[in-house]
Amino acid sequence: MTSAGAPERSGTTRGGGTLYRGDLGMWSWVAHRITGVLTFFFLFTHVLDTALVRVSPNAYDAVIETYKNPIVNLFEVGLVGAVLYHALNGIRVMLVDFWEKGAKYQRAMLWTVLGVWIAVMIPGAYFMLVRTISELVGGH
């Protein structure tokens, strides 16, 4: 027992040299924050490159042309995955916070979020990448 009367948790203190590895809920929390930050930076970049059209339409066209390559296409798939996960997990977080049974079902809801994410991302990634892959292997 600690001085406050709460039981000590083994393996969770930093001072004792152990590392808290977390569970699925902790990793969903980390992924939620990372996807939120990535989405913010995409939106910031998008606003900047779109603002170029008012400054110099030629510069805007040049920037947009640089986006038409396979690497950017992979980033777009990553962006869709990040936004989709962030949105689905955000709904789960709201349910945990505002639904009286949310905490009880939070793990099941997380697995549901991951299942829906996979079910949407597999066909989504396919359709997003099919043009790029066909161009890389010499298709039309």
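In this text, all values refer to a predicted model and were calculated from it rather than measured experimentally. (Residues numbered from 1 in each chain as written. Predicted model: local features only at pLDDT ≥ 70, side-chain atom pairs only at ≥ 80, totals over all residues. Heavy atoms only, no water.)

A.B. asks: Help me understand the UniProt feature "transmembrane region" (unreviewed entry) in the protein chain, please; the structure alone is not making it clear to me.
C.D. replies: Here the UniProt-annotated "transmembrane region" (unreviewed entry) positions come out as residues 26–48, 69–88 and 108–130. Annotated as 95% helix and 0% strand, the span residues 69–88 places its first and last C-alpha atoms 29 Å apart. When the span residues 108–130 is considered, its composition is 100% helix and 0% strand, and the gap between its end C-alpha atoms is 33 Å. (UniProt positions renumbered as here; feature names shortened; annotations may be inferred. Helix = DSSP H or I, 4+ residues; strand = E, 2+ residues; numbered from the N terminus.)

A.B. asks: I would appreciate a short explanation of the packing of aromatic side chains in the present structure.
C.D. replies: For any pair of aromatic rings, the description rests on two quantities: the centre-to-centre distance and the angle between the ring planes. Under the criterion given, the structure shown has 4 aromatic pairs. Ring centres of F40 and F41 lie 5.4 Å apart, and the angle between their planes is 70 degrees; on these two criteria the pair is classed as edge-to-face. What makes F41 partly exposed here is its relative accessible area of 47%. Where W99 meets Y105, the ring centres are 5.7 Å apart and the plane angle is 20 degrees; that geometry is what we call stacked. Residue classification places W99 among the partly exposed residues on the basis of a relative accessible area of 38%. A relative accessible area of 34% places Y105 in the partly exposed class. (Phe/Tyr/Trp six-rings, centres within 6.5 Å; stacked < 30°, edge-to-face > 60°. Buried < 20%, exposed > 50% of the residue type's maximum accessible area, 1.4 Å probe, protein only.)

A.B. asks: In this structure, what is going on with helix 4 (residues 106–136)? I would like to understand it.
C.D. replies: Each α-helix winds once per 3.6 residues, and so residues spaced three or four apart point in a common direction. Over its 31 residues, helix 4 extends 43 Å from the first C-alpha to the last, a length consistent with the 45 Å expected when each residue adds 1.5 Å. Remark: the principal bend of helix 4, roughly 40 degrees, maps to L129. Summarising the contacts, the buried residues of helix 4 are in contact with helix 1 (24–55) and helix 3 (70–98). G138 sits one or two residues past helix 4 and shows a positive phi near 95 degrees. (Expected span 1.5 Å × (residues − 1). Bend = angle between axes of the 7 residues up to and from the residue. Contact = heavy atoms within 4.5 Å.)

A.B. asks: Would you mind going over the side chain of H32 with me for this structure?
C.D. replies: Secondary-structure assignment places H32 in helix 1. The class for H32 is buried, based on a relative accessible area of 13%. Apart from the residues lying within four places of it in its own chain, the contact partners of H32 are Y85, H86, N89 and G90.

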